[in-house]
Amino acid sequence: MIRVRTPGLLTTVQDLGRPGLAHLGVPTAGAADRRAFGLANRLVGNQDGAAALEITLAGPELELEAGGWLALTGGRVAADLDGRPLPMDVAVRFEPGQVLRVGSVSSGLRAYLAVRGGIDVPEVLGSRSTDTLAPVGPPRLEEGARLPVGDRADGDPFRQVAPTRPVDPEPVLRAVRGPRDDVFTEEALRTLIGSAWAVTSDSDRTGVRLDGPVLERRRKVELASEGMVEGSLQVPPDGHPILFLANHPTTGGYPVIAVVIGADLPLAAQARPGTRLRIRFVSVAAARAARGGAGP
Amino acid sequence: MRLRPVGERALLVEVGELETVHRLHAALRELDPPGVVELVPGYRTLLVVADPDRAQLLDELAARLPALELPPAEAVAGEPVEIPVTYDGEDLEEVAGLTGLDADEVVRRHTEPEYTVAFLGFSPGFPYLVGLDPALEVPRRDTPRTSIPAGSVGLAGTQTGIYPTASPGGWQLIGRTDVTLFDPGRDPPALLGPGGRLRFTVAG
């Protein structure tokens, strides 16, 4: 068991979410940065998709009632075990009764804490993910909560620090044009790729809200609601795009000007408020090729 | 039929009308194409989302789509589900005022048609229904409510719907039902699926 002494700003249980239920209005949810989440699980020898904790900006204080292994990945964060500084991106052994304190995320936005065996809260619709948009899955961590640890480990803990890329303070996200690029003016498309977009403070797991020049529409038609994917750059009537993350709604009524490619979604998930990001267009083929060489 | 790429792992299939969306959805559910993880209907589109590791399979599917045989509309729609409603919503009198009808006539016109579930969205199990009597078209409330109880039945524009779970919302509330529309412990978790039909009745 893990006992929550303090929950931090927003700490949730996440796994790979609930794909396959979007036609019933159930968001996929799951970890926002799948790359950092996957690395945390691999480091402690967990199966893919074992549930871990997603930590947002300010971390929790946790009492580890039994001994085991943990790994901390993603956004850079200072943490200690009973006062001893904890390295990131490596499996670390802990003893029964030790207290883990996770501080503030200093670069990036979200850190991931995997415990060997996985967080074993009950599954809801095939996932242990906290849905932050819909009332599905376990609640966010609260003071005094106790989290069971499961047995979803099938490898050895990895005791060497895994190489990771530093968080880019001005990330460039690759995107495929459309599906509704024809709703916008050519000028709007040039503006999308020619501007620096500031991440605003009302961003969350649903989407990264971007401030910058207004993206003008060619025509004023109302779009009939249609299905949405993670990475969609949806443009509401105010002209400021919202980049959908893992907990996006299943359908939406605003046109999607472009879709950020899967390989760059982890960069979007780590873009903290104030970050200035840029968009660059790539082809579908280039987007698929990028998936293979994405790195850790 | 027009296909639009959505990033590298999804296709938006535009078919023009809702009935064709539901027939295509049924055909693809039956076909169960390899690599496809989501089929999401909208009013005039079906979104096909592939597993990121098998996204290239979408190209084969895209080539097959125009020749795909669709089931007839009658085979897609199931039996209508009855939703008993207690018509005592907070906005019923206001809706009566806005439409120029009296409350009884609002109820009569709301229980008259058979509705089709266009698609689900906004929140899990939330059905967007088509078939509303145009006389019942009213604007959304100027200020959305911060919490609307589960089971509330509302109106907004050309839409009527039911809130499956408590949530904020701006629709005009005309009644409530005890029917559970969404239960994560049930399989399937949503009572109504895309293309399903329903009727509202006056709860006795």
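What you see is a predicted model, and the numbers here were worked out from it, not measured in a lab.

Criteria and cut-off values
Residues numbered from 1 in each chain as written. Chains lettered and ligands numbered in written order. Predicted model: local features only at pLDDT ≥ 70, side-chain atom pairs only at ≥ 80, totals over all residues. Helix = DSSP H or I, 4+ residues; strand = E, 2+ residues; numbered from the N terminus. Buried ≥ 20, exposed ≤ 12 C-beta atoms within 10 Å, placed from the backbone. Contact = placed C-beta atoms within 7 Å. Rg over C-alpha atoms; globule rule 2.2 N^0.38 Å. Pairing = 2+ DSSP bridges. Axes fitted to C-alpha atoms, helices over the stretch in contact; angles between N-to-C directions. Domains from an automatic or database assignment. Nonpolar A, V, L, I, M, F, W, Y, C, P; charged D, E, K, R; others polar. Core = buried A, V, L, I, M, F, W, Y, C linked by C-beta atoms within 7 Å.

To continue, consider the overall build of chain B. Per the secondary structure count, chain B includes five helices and 13 strands. Along the three orthogonal principal directions, the C-alpha set of chain B runs to about 55 × 35 × 30 Å. By the burial criterion, 42% of the 204 residues in chain B qualify as buried. Sequence separation of at least 24 residues holds for 60% of the intrachain contacts in chain B that already meet a minimum separation of 6.

Once that is clear, we can look at the overall build of chain A. Looking only at helices and strands, chain A has four helices and 18 strands in total. At 19 Å, chain A has a C-alpha radius of gyration in line with the 19 Å of a compact globule built from 296 residues. Counting only C-alpha atoms and orienting by the principal axes, one finds that chain A spans roughly 65 × 35 × 30 Å. Looking at chain A as a whole, 54% of its 296 residues qualify as buried. For chain A, restricting intrachain contacts to residue pairs at least 6 apart in sequence, the fraction spanning at least 24 positions comes to 78%.

Residues and elements named next belong to chain B. Taken together, the four strands give an open sheet; going across it, the order is S1-S2-S4-S3, and neighbouring strands pair in antiparallel fashion. The open sheet has two edge strands, strand S1 (2-6) and strand S3 (36-41), and neither has a second partner. Each neighbouring strand pair of the sheet contributes to a mean axis angle of 20°, computed without reference to strand direction. Two strands pair when backbone bridges link them, and S1 and strand S2 (residues 10-14) are joined in this way by five bridges, in the antiparallel orientation. Directly across from Pro5, in S2, lies its bridge partner Leu11. Contacts from helix H1 (residues 18-31) reach S2, S3 and strand S4 (45-50) within the one sheet, and its direction differs from that of S3 by about 165°.

Residue and element names in this part refer to chain B. Its domain assignment divides chain B into domain 1 (2-76) and domain 2 (81-202). Each of domain 1 and domain 2 has a C-alpha centre, and these two points are 28 Å apart. Taken residue by residue, the interface counts seven residues in domain 1 and five residues in domain 2. Residue classes in the side of domain 1 that touches domain 2 are distributed as four nonpolar, three polar and no charged.

What follows covers the interface of chain B and chain A. At the junction of the two partners, chain B supplies 37 residues and chain A supplies 31 residues. Elements supplying a minimum of two residues to the side of chain B that touches chain A: S1, S2, S3, S4 and strand S6 (115-120) of chain B. In terms of residue class, the side of chain B that touches chain A is built from 23 nonpolar, nine polar and five charged.

Okay, the environment of A:Tyr112 next. Residues and elements named next belong to chain A. Looking at where Tyr112 falls in the secondary structure, it is placed in strand S8 (residues 98-115). The buried category is assigned to Tyr112, around which 28 C-beta atoms lie within 10 Å. Sequence-wise, Tyr112 and Arg34 are 78 residues apart; in three dimensions their C-alpha atoms are separated by 9.7 Å. If we skip the residues at most four places from it in the chain, Tyr112 touches Ala31, Ala36, Phe37, Ala40, Ala52, Leu53, Glu54, Thr73 and Gly74.

The next point concerns the domain arrangement of chain A. All names here are of chain A. Here the domain parsing of chain A yields domain 1 (2-147) and domain 2 (172-292). Centre-to-centre, using C-alpha coordinates, domain 1 lies 27 Å away from domain 2. For the side of domain 1 that touches domain 2, the elements supplying multiple residues, two or more each, are helix H1 (34-43) and S8. Looking at side-chain class alone, the side of domain 1 that touches domain 2 contains eight nonpolar, seven polar and five charged residues.

Before going further, it helps to examine unusual backbone geometry. With an omega of 15°, the peptide bond between A:Gly178 and A:Pro179 qualifies as cis. Of note, A:Pro179 is situated in the loop between strand S10 (172-177) and helix H2 (186-194). Cis geometry marks the peptide bond from B:Asp187 to B:Pro188, where omega comes out at 0°. Here B:Pro188 shows up in the loop between strand S12 (172-176) and strand S13 (197-202). The residue A:Ala29 is not glycine, and still its phi comes out positive at about 55°. Tracing the backbone through its elements, the reader meets A:Ala29 in the loop between strand S2 (10-14) and H1. Look at A:Ala29 and you get buried, because 29 C-beta atoms sit within 10 Å. A positive phi angle, close to 50°, is found at B:Asp32, a residue other than glycine. Position of B:Asp32 among the secondary structure elements: in the loop between H1 and S3.

Now for the nonpolar core. Core analysis: the largest hydrophobic core is formed by 134 residues, its most contacted members being A:Ala40, A:Ala52, A:Tyr112, A:Leu113, A:Ala114, A:Ala268 and B:Val48. Residue contributions to this core peak at nine residues, all from S8(A). Those residues in contact with A:Leu113 that lie beyond four places of it in its chain are A:Ala40, A:Ala52, A:Leu53, A:Ile55, A:Leu70 and A:Leu72.

All names here are of chain A. The sheet built from seven strands closes into a barrel, its strands ordered S10-S17-S14-S15-S12-S11-S18 with mixed pairing. This sheet shows a mean twist of 40° between the axes of neighbouring strands, independent of strand direction. One ladder, built from three bridges, connects strand S14 (residues 232-234) with strand S17 (residues 256-260); its direction is antiparallel. The residue bridging Gln234 from the neighbouring strand is Val256, located in S17. Contacts from H2 reach S17 and strand S18 (276-281) within the one sheet, and its direction differs from that of S18 by about 125°.

So, on to the pairing of strand S7 (residues 127-130) of chain B. Residue and element names in this part refer to chain B. Pairing between S6 and S7: four bridges, direction antiparallel. Counterpart to Thr116 in the pairing with S7 is Val130. Here S6 folds back onto S7, and the loop between the two strands holds six residues, one of which, Phe122, carries a positive phi near 70°.

On the secondary structure map, A:Ile193 appears in helix H2. For A:Ile193, the residues in contact, after removing those within four places along its chain, are A:Ile279, A:Arg280 and A:Phe281.

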